[in-house]
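The lines below spell out each chain.
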Amino acid sequence: MPGRKKPPADRRIQSRRTPVKHQGDMGIGSMLVMILTLMMALILIMAYASWHGRLAAQDSIYLTIGTYLKSIESSGCLTEEQKEQLVNELERYGMENINLEGTTLAHVPYGSKVTLRVRGRVHLSEVPDLVIEDNDIRFHQDSYIEVDILRSGISFS
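Treat the numbers as computed from the prediction; the structure is a model and nothing was measured.

Within the chain, the regular secondary structure consists of three helices and five strands. When the elements of the chain are put in sequence order from the N terminus, they spell out α-α-α-β-β-β-β-β. Within the chain, contacts between residues at least 6 apart in sequence are counted, and of these 66% link residues at least 24 apart. Put simply, the chain shows about 11600 Å² of open surface, and 57% of that area lies on carbon and sulfur atoms.

Another aspect to go through is the packing of helix H2 (residues 28-75) against helix H3 (residues 80-92). Between two packed helices, the angle of one axis relative to the other and the distance separating the axes together describe the packing. The interhelical angle for the contact between H2 and H3, taken along N-to-C directions, is 175°, at an axis separation of 11 Å. The orientation of H2 with respect to H3, classified from their angle, is roughly antiparallel. In this structure, H2 uses Ile61, Thr64, Tyr68, Ser71 and Ser75 to contact H3, whose residues at the interface are Gln82, Gln85, Leu86, Glu89 and Leu90. In terms of residue class, the contact of H2 with H3 is made up of four nonpolar, five polar and one charged.

Analysis parameters
- Residues numbered from 1 in each chain as written.
- Predicted model: local features only at pLDDT ≥ 70, side-chain atom pairs only at ≥ 80, totals over all residues.
- Heavy atoms only, no water.
- Helix = DSSP H or I, 4+ residues; strand = E, 2+ residues; numbered from the N terminus.
- Contact = heavy atoms within 4.5 Å.
- Areas by Shrake-Rupley, 256 points an atom, 1.4 Å probe, with all protein chains shown as cover.
- Axes fitted to C-alpha atoms, helices over the stretch in contact; angles between N-to-C directions.
- Parallel < 35°, antiparallel > 145°, perpendicular 65-115°, else oblique.
- Nonpolar A, V, L, I, M, F, W, Y, C, P; charged D, E, K, R; others polar.

Here it is, written out as structure tokens:
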């Protein structure tokens, strides 16, 4: 046909191809993968935060108990003033139901064994605890660590 013009070459090639996606279009599959990835990242972040909160609380308690054991070794017993300070410090770390039964409270002679026993539970309310049991994943806001620590040394007084 002599009167008919041929379309430009780029239009002919594009008409043979499948339609091109626009830049802003996103398939439902891509969106689903992104949402699942974000959910898994959130679960991992919460699990790490839970683990780290637990570790930090236990570490602080063990360091405090070590410090007070050295005081007991120096003085020969846990004095009432030290006892009050220890309980107040442990309460600052979130420890509840503190029991010092088994601790050396009466003065002992030089070279005798002294002990510091702390029992109770640490309330971790800042970070929810990740619990995985019976094919169920959930977060508990009220999580506790049961603590029973026994340390002993030798009196230097």
